[in-house]
Amino acid sequence: MEMPWSALPVLVAFVASPFLLSIINRTKAFFGGRKGRPLLQPYHDIAKLLKKGAVYSRTATPVFRFGPIVGLAAVCCALALTPMGGPGSMVSFEGDVILFAYLFALMRFAAVLAALDTGSSFEGMGASREVQFSALTEVAFLLGISAMAGLTHKISLSGMLGIPVASDGPSGVTVRTLVAAAFFIVLLAENSRIPVDDPETHLELTMIHEVMVLDHGGVDLGLIEFAGCLKLWIMSAVFLGTVLPVRFGNPLGDTALIAAGIGGIAVLIGIVESTMARLRLLVVPQLLVGAGIMSLLGLIVVLG
Amino acid sequence: MASLINALSMLLILTNFRLLGASRLGSCIQTVAIQAVLLGLLPVLANPQMPVRAMLVLAGMTFVKAVVLPTLVRRSAREVQVRGEIEPLIGFTLSLLAGVGMLGVGIAASRRMALSAQYASPLLVAVAIFTILTGIFLIVARKKAITQVLGYLVMENGIYSFGMAYAVHETFLVEMGILLDVWALVFIMGIAIHDIHSAFDHIDTDRLSTLKE
């Protein structure tokens with residue numbers, strides 16, 4: 001594994017991930033008959049936030065300050081594990097899927113601790129919801145990954161997401177469809193998109209993820225938003241690897257292909273957000289349990 | 001063929017989960033009809049060289065289960081003016097989780113059953129048991145009399161797919177007997193629901209137990 005080439009997709013992810021928000025926004029604007037924000041707006045937003053100072057509450061302890069940093073660090077580690085293109089991921093070892101899943105758990109844990117540390121009841125409420133829903137998405141994700149592992153007979157992320165569809169057994173299409181459907185719901189839920197959460201809501205009572213970051217400002221908020229973009233990029237790459245593990249075998253071509261694919265997923269998210277209303281909070285667990293069931297079915301087909 | 005049967009079994013499992021999670025009566029009835037259509041396709045896939053007579057019987061049965069019975073249920077629901085929401089005694093999320101458990105029971109049971117030679121697919125046996133259990137669960141865990149009729153229909157679908165899985169050729173004989181029973185049941189339940197409704201203004205079965213002579 002040559003380091004320079006496997007670093008290329010990671011660099012692309014760093015540069016291009018905020019652009020996904022623009023794609024989603026433009027898709028929604030297209031459906032709503034609006035013009036949409038300038039394409040580089042997310043970059044301006046993050047740059048503006050990074051230039052600002054931060055205000056800290058007197059009740060907040062250093063835990064609050066560590067939250068965004070730990071989150072960004074965790075997501076960067078997950079990025080290094082994510083296979084994007086020909087040479088696979090930067091770092092890969094047997095069973096790295098477990099580390100991958102729990103890096104996201106660590107990111108969430110840091111965010112939840114920081115939210116609770118502010119002492120605001122709203123943020124406690126958001127943290128509680130976030131943890132409740134992620135407990136269900138984690139099951140769906142791990143079961144889906146197990147199904148993929150059973151299908152491809154690989155237990156590393158670059159192994160199971162880089163195998164061409166042609167080498168699957170007869171049940172390959174069924175398994176990939178079920179797991180992909182589950183992963184898409186996980187993708188929407190983990191990145192707090194509609195129908196689970198609305199990233200643009202301004203009503204604290206209905207917020208989930210956004211309410212946890214209400215008290216963060218300036219640099220911290222910039223880091224959180226950037227980490228959010230990277231997370232969206234990573235989960236889209238995993239989804240893409242499940243549905244269409246296509247490879248050219250040429251690092252440049254592969255990177256371009258994966259970036260284009262992730263852009264397509266952003267369009268898909270935009271379409272979902274334009275055509276669906278947000279689900280009631282009580283119905284969200286049903287959706288997530290449904291995703292878990294689809295992953296479980298995939299696993300049953302693989303084993304049965 | 002085997003992969004198509006597997007895919008159909010998957011769809012059957014998903015329809016069962018939809019039944020367990022659906023909160024509207026209309027979508028429940030629709031799902032039962034979809035399930036009947038899927039079950040109608042199954043023998044054709046399992047046995048493509050089917051004689052024309054068997055094909056006609058199959059088409060007739062599918063028509064009764066997918067069109068006639070759902071229409072009857074829908075009509076009696078309209079006549080007694082049932083509200084569109086299903087009132088569960090066990091919540092929807094919990095029902096889905098119970099569904100996972102029932103699917104597990106189905107798979108465990110299908111592993112232990114003796115495999116006969118004329119055996120369509122191991123997954124199908126699990127699906128059949130799961131469908132029967134789903135039907136029973138719907139009868140027990142939903143409040144209205146009308147969802148109990150639906151539960152019986154689902155159970156009948158399960159028994160049918162069980163017959164499919166074990167006796168690929170003689171399946172219709174059993175099926176037609178059961179279908180007759182279900183047919184009668186839907187009529188009787190329709191009348192019963194109507195009578196309950198005209199006597200008590202509601203069809204909540206959990207309140208019937210408080211009645212005294």
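Everything that follows concerns the structure shown earlier in this document.
Residues numbered from 1 in each chain as written. Chains lettered and ligands numbered in written order. Predicted model: local features only at pLDDT ≥ 70, side-chain atom pairs only at ≥ 80, totals over all residues. Heavy atoms only, no water.

Participant: Help me out: how do you make sense of the environment of A:Thr174 in this one?
Facilitator: Residue and element names in this part refer to chain A. Considering the arrangement of structural elements, one finds Thr174 in helix 7 (residues 172-190). Residue class for Thr174 comes out buried when judged on its relative accessible area of 15%. Linking Thr174 and Val301, residues 127 residues apart in sequence, is a C-alpha distance of 8.0 Å. (Helix = DSSP H or I, 4+ residues; strand = E, 2+ residues; numbered from the N terminus. Buried < 20%, exposed > 50% of the residue type's maximum accessible area, 1.4 Å probe, protein only.)

Participant: Looking at this model, I keep getting lost on the packing of aromatic side chains. Mind explaining?
Facilitator: Pairs of aromatic rings are described using the distance from one ring centre to the other and the angle between the two planes. This structure, assessed with the given rule, holds eight aromatic pairs over all chains. With a centroid separation of 5.9 Å and an interplanar angle of 85°, the aromatic rings of A:Tyr56 and A:Phe64 are classed as edge-to-face. Given a relative accessible area of 2%, A:Phe64 falls into the buried group. Through a chain of ring-to-ring contacts, three or more aromatic side chains come together here, namely A:Phe100, A:Phe104, A:Phe141 and A:Phe183. Cation over ring: A:Arg65 sits above A:Tyr56, and NZ or CZ is 3.8 Å from the ring centre. Of note, B:Lys65 hangs over the ring of B:Tyr160, and the distance from its end group to the ring centre comes to 4.2 Å. (Phe/Tyr/Trp six-rings, centres within 6.5 Å; stacked < 30°, edge-to-face > 60°. Lys NZ or Arg CZ within 6 Å of the ring centre and 35° of its normal.)

Participant: Help me out: how do you make sense of the side chain of B:Asn157 in this one?
Facilitator: Residues and elements named next belong to chain B. The topology assignment puts Asn157 in helix 6 (residues 145-166). We classify Asn157 as buried; its relative accessible area is 2%. Polar side-chain contacts of Asn157 include one of 3.5 Å to the side chain of Lys65. Excluding its chain neighbours within four sequence positions, the residues that come into contact with Asn157 are Val32, Gln35, Ala36, Leu39, Lys65 and Thr131. (Polar contact = N/O pair within 3.5 Å; in protein donor to acceptor, adjacent residues only side chain to side chain. Contact = heavy atoms within 4.5 Å.)

Participant: What exactly am I supposed to notice about the pattern of salt bridges here?
Facilitator: Pairing between side chains of opposite charge can happen when the charged atoms of each approach one another. Taken as a whole and assessed by the stated rule, the structure comprises twelve salt bridges over all chains. For B:Arg24, the salt bridge identified is with B:Glu85, shortest N-O distance 3.4 Å. Here B:Arg24 is found in the loop between helix 1 (2-21) and helix 2 (25-46), whereas its partner B:Glu85 is found in the loop between helix 3 (52-79) and helix 4 (92-112), with 61 residues between them in sequence. In this structure B:Arg24 comes out as partly exposed when scored by relative accessible area, which is 44%. Residue classification places B:Glu85 among the partly exposed residues on the basis of a relative accessible area of 35%. Residue B:Lys144 pairs with B:Glu87 through a salt bridge whose shortest N-O separation is 3.5 Å. Here B:Glu87 lies in the loop between helix 3 and helix 4 and B:Lys144 lies in the loop between helix 5 (122-141) and helix 6, a separation of 57 residues in the sequence. For B:Glu87, a relative accessible area of 24% gives the class partly exposed. The network of salt bridges with common partners includes A:Lys28, A:Arg193, A:Glu200 and A:Glu273. (Salt bridge = Lys/Arg side-chain N within 4 Å of Asp/Glu carboxyl O.)

Participant: How do you make sense of empty space enclosed by the protein when you look at a structure like this?
Facilitator: To find leftover empty space, one rolls a probe the size of a water molecule over the atoms. All names here are of chain A. Tallied over the entire structure, the rule returns five cavities of 30 Å³ or more. Estimated volume of the largest cavity: approximately 120 Å³. Taken together, Arg108, Glu130, Phe133, Ser134, Thr137, Ala189, Glu190, Ser192, Val196, Asp197, Ile208 and His209 make up the lining of the largest cavity. Counting only elements with at least two residues in the lining of the largest cavity, the list comes to helix 5 (121-152) and helix 7. Among the elements that make up the lining of the largest cavity, the one with the highest residue count is helix 5 (four residues). Size it by volume and the second largest cavity reaches roughly 90 Å³. Ala101, Phe104, Arg108, Thr137, Glu138, Phe141, Val186, Glu190 and Met235 are the residues that line the second largest cavity. Those elements giving two or more residues to the lining of the second largest cavity turn out to be helix 4 (96-117), helix 5 and helix 7. In the lining of the second largest cavity, the residues fall into five nonpolar, one polar and three charged. (1 Å grid on protein atoms, 1.4 Å probe; cavity = no way out; pocket = protein on both sides within 12 Å on 5 of 7 lines; lining within 4 Å. Points joined across faces, edges and corners; volume = space filled by probe spheres on them. Nonpolar A, V, L, I, M, F, W, Y, C, P; charged D, E, K, R; others polar.)

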